[in-house]
Protein chains: 2
Amino acid sequence: MNQEAIRKYARFAVRMGSAVQPGETLIINAPIHTAAFARLCAEEAYAAGAREVVVHYSDEQLARMRMAYAAEEALDDVKPWIQDSYTSYMKHPSGACMLSISSADPEIYKGIDAARIDRAARARAMAMTEYYKYVMSNQAKWTIVAIPSPSWSAKVFPGLPAEEAEEKLWEAIFSVCRIDENDPVENWQAPLHTMHSRADWLNSLQLDALHITSANGTDLTIGLPKNHIWAGGSEFSPKGVEFLANIPTEEVFTAPDARRTEGVVYSTKPYVFNGSLIEDFWVRFEGGRVVEYHAEKREDLLGMLVSMDEGAARLGEIALVPATSPINRSGILFYNTLFDENASCHIAFGKAYPVCVQGGSDMTAEELDAAGINQSNTHQDVMVGAEDTNIDGITADGRIIPVFRGGVWAE
Amino acid sequence: MNQEAIRKYARFAVRMGSAVQPGETLIINAPIHTAAFARLCAEEAYAAGAREVVVHYSDEQLARMRMAYAAEEALDDVKPWIQDSYTSYMKHPSGACMLSISSADPEIYKGIDAARIDRAARARAMAMTEYYKYVMSNQAKWTIVAIPSPSWSAKVFPGLPAEEAEEKLWEAIFSVCRIDENDPVENWQAPLHTMHSRADWLNSLQLDALHITSANGTDLTIGLPKNHIWAGGSEFSPKGVEFLANIPTEEVFTAPDARRTEGVVYSTKPYVFNGSLIEDFWVRFEGGRVVEYHAEKREDLLGMLVSMDEGAARLGEIALVPATSPINRSGILFYNTLFDENASCHIAFGKAYPVCVQGGSDMTAEELDAAGINQSNTHQDVMVGAEDTNIDGITADGRIIPVFRGGVWAE
């Protein structure tokens, strides 16, 4: 791929994604095979005045080896230094922001005992509570940006020679991330404006619930908490700095009332969970909680997903994405949530973003509970939007307001 | 290079170098370009029963960028998580051992402001005090093993095509590390026995001092502390597990009395300090302390080396290596201390190994001072042995015992 385009993408990720401010530390999470891109991001961050760039490299092959061979007790024992390697910079007076490079083999843990993976994922989530607090409240600005790897490219474009598959994945990424010959910041102004406008409209409605239906069998009602806030497009740190948490992003989202989800919802895309694929599944809710589920493939993993902790069985996000989104129009199944969630309306099991309710960032755990804002150590986005999805908004006084019709915004 | 030989080398490093015991954690320090070798070591460690393998990847290009661009204040601010990422495993009841992969570009910091590098190195050393205590007392078994990188290979074999240079460096490493068609553990028995015998002999002499001379101008007297212990070849953890801290090793070494070095010593090889080369230098001692020095190239760095802290101006090691060592016979200048120090007698500025005096591992800082065992946050090995080096042992009652004659053991 054209090196100048890759440089432009890195600059966009640093300047608009993490929105590194002079004096801030940038922490980059990078799989080692993305080192060249991580270095580009580091260069761009120093050029933007970063105090320091700290890169945490990971190696999915070593991670797989650990899942296969490490002592069970070692999987539980996530040392505090791992969280400190993030939060010690976030606590520093000049603050820190994050840039995570996504480039995983979607099936890196294929064949590994799912119970061990589950055990390790729970232990890690428990050990990262403070980190998630910084990130999910936007105190640490953050972004996720993806680049191809050989294994991921082969999964998305099977049957092609390796180099061609990787080139095609670069092209697809640049297309949906609006990286072209123009300034990407400019390219993003109109779509961000659209998302902000939709969020403003929904905020003005202050709906009591959403009712989602589709011919595939989905018939789901999601209650919304009082004073909920729809967000979308760019987000803002407590200091008011705009950043783009996901590159790309096409969603307008809020936090559901964790106690008021009822009905059945069908998945519309496979879901990569802990390095394995869950396919063709449905989930039934009562009183906000998952009471029944089924998957054609890897139902065991789906069960683990919704039982990681108490909050994992309840919803932490409802996100609206029209079927006209560039990711959906590309027709590509990316096997990567960062992209696939932006092709389709989705729900998330687990932790809600406290910023999605007024005053949420300053609420105690008890106050969040009382407000219906879900708490959990996980957050798993599952795609449920179809080309024919209809969504009705239901107001507190029982009026129906069309929100989605035939997979796209109703107005 | 032959993959089977590389696998054999990794196994040797894990089993005889770090000597991983069942249930122990192995921590690997690996530059990212050595990932394939790090994974081999991890596989071998799990096969040996490791509880967990934790790999800390580093990236010398990012390190260079940090030296060039990070805020000055950030260079001082070495967060505690960095030390914890080692010591938290060493403190665990089942313990941890280390395997460091050396593969640096000897001149990675060429052109960078030496004062910034010095500043960063001091801060890091200060922040790693507890880590060094575990390692230098052998509580955490440790080893260093090297593999070629493109930049290092090009420095050692300039003018050759990249692949050929790398292949030649592999061959040189395997030759001096005794990796061949036989079992390397077997190959190492005789040389280890020789080193242990020399150490036993010197221990039985309990010399008061060594007097080192060479036609190049070296005329140095190094006092030895009471109850000093010569070590060499393999070492032993407090639990009695044998390990090989350096691969290769050809030295027999002890701790000098930090108060009793007198005279002048000339370097016989360039020294890689903080990613730059110091060349053709001499140092003069009075009362154990450096009082004068000169280098033909990078005298500024030599000055920084001996003034990192109070202990850096005094000696922490004297190591005897005959000119017949395989590394010296190879005729190759490796630009890597791991190899070059095993081609030549050397001295180290900075921290002494407490295990080099009886009871040293349990001594307080005050007791170490009283025993003449040098303390510092650095340890820099500098090569001073020549083909004509003579070393006399001087006993407490003034007798002269020939230790080296013409660069080799006298007896």
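Structure's up top.
Residues numbered from 1 in each chain as written. Chains lettered and ligands numbered in written order. Predicted model: local features only at pLDDT ≥ 70, side-chain atom pairs only at ≥ 80, totals over all residues. Heavy atoms only, no water.

A.B. asks: Give a detailed account of the sheet that holds strand β15 (residues 315-320) of chain A, specifying residues and quantitative values.
C.D. replies: Residues and elements named next belong to chain A. The strand order across the open sheet formed by five strands is β7-β10-β15-β16-β17, and the pairing between neighbours is antiparallel. At either margin of the open sheet sits one strand with a lone partner, and together these are β7 (231-232) and β17 (379-383). Along the sheet face, helix α10 (residues 184-205) touches β7, β10 (252-254) and β15 and points at about 40 degrees away from the line of β10. (Pairing = 2+ DSSP bridges. Helix = DSSP H or I, 4+ residues; strand = E, 2+ residues; numbered from the N terminus. Contact = heavy atoms within 4.5 Å. Axes fitted to C-alpha atoms, helices over the stretch in contact; angles between N-to-C directions.)

A.B. asks: Would you mind going over empty space enclosed by the protein in detail, with residue names and values included?
C.D. replies: Residues and elements named next belong to chain A. Taken as a whole and assessed by the stated rule, the structure comprises two cavities of 30 Å³ or more. Its volume calculated, the second largest cavity comes out at about 30 Å³. As for the second largest cavity, its lining consists of V265, Y266, S267, F281, V283, I347, F349, V382 and V384. Looking at the lining of the second largest cavity, the elements that each hand over two or more residues are β11 (261-266), β13 (276-286) and β16 (346-350). (1 Å grid on protein atoms, 1.4 Å probe; cavity = no way out; pocket = protein on both sides within 12 Å on 5 of 7 lines; lining within 4 Å. Points joined across faces, edges and corners; volume = space filled by probe spheres on them.)

A.B. asks: Would you mind going over the nonpolar core in detail, with residue names and values included?
C.D. replies: Counting 217 residues, the largest nonpolar core has Y9 and I28 of chain A together with Y9 of chain B as its most contacted members. Residues within four places of I28 of chain A in sequence aside, it is in contact with A38, C41, A42, V53, V54, V55, H56, L99 and I101 of chain A. Counting 63 residues, the second-largest nonpolar core is a separate cluster that includes A255 and A371 of chain A together with V54 and W142 of chain B. (Core = buried A, V, L, I, M, F, W, Y, C linked by side-chain atoms within 4.5 Å. Buried < 20%, exposed > 50% of the residue type's maximum accessible area, 1.4 Å probe, protein only.)

A.B. asks: So what's going on with unusual backbone geometry? Which residues, and what values?
C.D. replies: Residues and elements named next belong to chain A. Of the consecutive residues I247 and P248, the connecting peptide bond is found in the cis state with omega at 5 degrees. By the secondary structure assignment, P248 is in the loop between β9 (242-243) and β10. One non-glycine residue, Q206, lies in positive phi territory at about 45 degrees. For Q206, the position within the fold is in the loop between α10 and β5 (209-213). Take Q206: its relative accessible area is 30%, and that puts it in the partly exposed class.

A.B. asks: Requested: an account of the packing of helix α3 (residues 60-69) of chain A against helix α2 (residues 35-47) of chain B, with residues and values cited.
C.D. replies: Interhelical geometry of α3 of chain A versus α2 of chain B gives an angle of 5 degrees and a closest axis separation of 11 Å. It follows from the interaxial angle that α3 of chain A and α2 of chain B lie roughly parallel. Between α3 of chain A and α2 of chain B, the contacting residues are Q61, L62, M65, R66 and Y69 of chain A on the first element and R39, A42, E43 and Y46 of chain B on the second. For the contact of α3 of chain A with α2 of chain B, the class distribution of residues is five nonpolar, one polar and three charged. (Parallel < 35°, antiparallel > 145°, perpendicular 65-115°, else oblique. Nonpolar A, V, L, I, M, F, W, Y, C, P; charged D, E, K, R; others polar.)

A.B. asks: Tell me about the environment of H379 of chain A, and please be specific about residues and values.
C.D. replies: Residue and element names in this part refer to chain A. Along the polypeptide, H379 turns up in strand β17. When residues no more than four places from it in sequence are discounted, the contact partners of H379 are M136, E317, A348, F349, K351 and Y353. Side chain to side chain, H379 and E317 meet in a polar contact 2.9 Å long. At 3.5 Å, the side chain of H379 and the side chain of D381 are in polar contact. (Polar contact = N/O pair within 3.5 Å; in protein donor to acceptor, adjacent residues only side chain to side chain.)

A.B. asks: Report on the packing of aromatic side chains, specifying residues and quantitative values.
C.D. replies: In this structure the tally under the stated criterion is 28 aromatic pairs over all chains. Here Y9 of chain A and F174 of chain A contribute two aromatic rings whose centre-to-centre distance is 5.2 Å and whose plane-to-plane angle is 75 degrees, an arrangement assigned as edge-to-face. Remark: F174 of chain A occurs in helix α9 (residues 162-176) and Y9 of chain A occurs in helix α1 (residues 3-18); sequence separation between them is 165 residues. Overall, Y9 of chain A belongs to the buried group, its relative accessible area being 0%. Both rings, one in W81 of chain A and one in W81 of chain B, keep their centres 6.0 Å apart while their planes meet at 10 degrees; by these two values the pair is stacked. Of this pair, W81 of chain A sits in helix α5 (residues 80-90) while W81 of chain B sits in helix α5 (residues 80-90), which puts the two residues in different chains. For the residue pair W81 of chain A and W81 of chain B, the accessibility class agrees, reading buried in each case. Pairwise contacts between aromatic rings join Y9, F37, W170 and F174 of chain A into one cluster. (Phe/Tyr/Trp six-rings, centres within 6.5 Å; stacked < 30°, edge-to-face > 60°.)

A.B. asks: Residues and numbers for the relation of the copies chain A and chain B, please.
C.D. replies: For the pair chain A and chain B, the best superposition has an RMSD of 0.0 Å and corresponds to a rotation of 180 degrees with a translation of 0.0 Å parallel to the axis. A rotation of that kind, with that shift, is consistent with a two-fold axis. Residue W81 of chain A, judged by its C-alpha, is the member of chain A lying nearest the rotation axis, at 2.4 Å. Here 100% of the contact residues of chain A are again contact residues in chain B; the copies associate through an equivalent surface. (Least-squares fit on C-alpha atoms with pLDDT ≥ 70 in both.)

A.B. asks: Describe in detail the layout of surface pockets, supporting the description with residues and values.
C.D. replies: All names here are of chain A. Roughly 350 Å³ of internal volume is contained in the largest pocket. Residue lining of the largest pocket: 17 residues in total, with K133, K351, P354, L368 and Q375 positioned closest to the centre. Secondary structure elements with two or more residues in the lining of the largest pocket: α7 (129-136) and α14 (365-371). For the lining of the largest pocket, the element with the most residues is α7, which contributes four residues. Both of domain 1 (3-176) and domain 2 (190-233 + 249-409) provide at least three residues apiece to the lining of the largest pocket. (Domains from an automatic or database assignment.)

A.B. asks: Tell me about the environment of K91 of chain A, and name the residues and values.
C.D. replies: Residue and element names in this part refer to chain A. Note on placement: K91 falls in the loop between α5 and β3 (96-102). Exposure remark for K91: the relative accessible area of 47% places this residue in the partly exposed category. The sequence separation of K91 and A19 amounts to 72 residues, and the corresponding C-alpha distance is 18 Å. Not counting chain neighbours up to four residues away, the residues in contact with K91 comprise E130 and Y134.

A.B. asks: Which residues make up α7 of chain A, and what values do they have?
C.D. replies: The periodicity of an α-helix, 3.6 residues per turn, causes residues three or four positions apart to be oriented the same way. Along α7 of chain A, the residues that are buried comprise Y131, Y134, V135 and M136 of chain A. Residues of α7 of chain A that are buried sit in contact with β1 (25-31), α5, β3, β4 (142-146) and β17 of chain A.

A.B. asks: Give a description of the environment of I391 of chain A that names residues and reports values.
C.D. replies: All names here are of chain A. Looking at the element boundaries, I391 is found in strand β18 (residues 390-394). The spatial distance from the C-alpha of I391 to the C-alpha of A410 is 8.6 Å, given a sequence separation of 19 residues. Apart from the residues lying within four places of it in its own chain, the contact partners of I391 are L210, H211, I212, L320, C345, I401, P402, V403, F404 and R405.

A.B. asks: Residue-level account of α1 of chain A, with values.
C.D. replies: Residues and elements named next belong to chain A. Compared with the 22 Å implied by 1.5 Å per residue over 16 residues, the 21 Å span of α1 between its first and last C-alpha is a close match. Among all positions of α1, only A5, I6, Y9, A10, F12, A13, V14, M16, G17 and S18 are buried. Between a side-chain oxygen at the N-terminus of α1 and the backbone nitrogen of E4 the separation is 2.7 Å; the capping residue is N2. Positive backbone phi, at 50 degrees, marks A19, one or two positions downstream of α1. (Expected span 1.5 Å × (residues − 1).)

A.B. asks: I'd like to hear about the pattern of salt bridges, residue by residue, with values.
C.D. replies: One pass over the structure, following the stated rule, counts 54 salt bridges over all chains. Of the charged contacts in the structure, one is a salt bridge between D77 of chain A and R51 of chain B, with a shortest N-O distance of 2.8 Å. Note that D77 of chain A is positioned in the loop between α4 (72-76) and α5 and R51 of chain B in the loop between α2 and β2 (52-58), a pairing that runs across two chains. Judged by its relative accessible area of 3%, R51 of chain B is buried. Here R51 of chain B ties to E52 of chain B by a salt bridge, and the two come within 3.8 Å at their closest N and O atoms. In this pair, the class of R51 of chain B matches that of E52 of chain B, namely buried. (Salt bridge = Lys/Arg side-chain N within 4 Å of Asp/Glu carboxyl O.)

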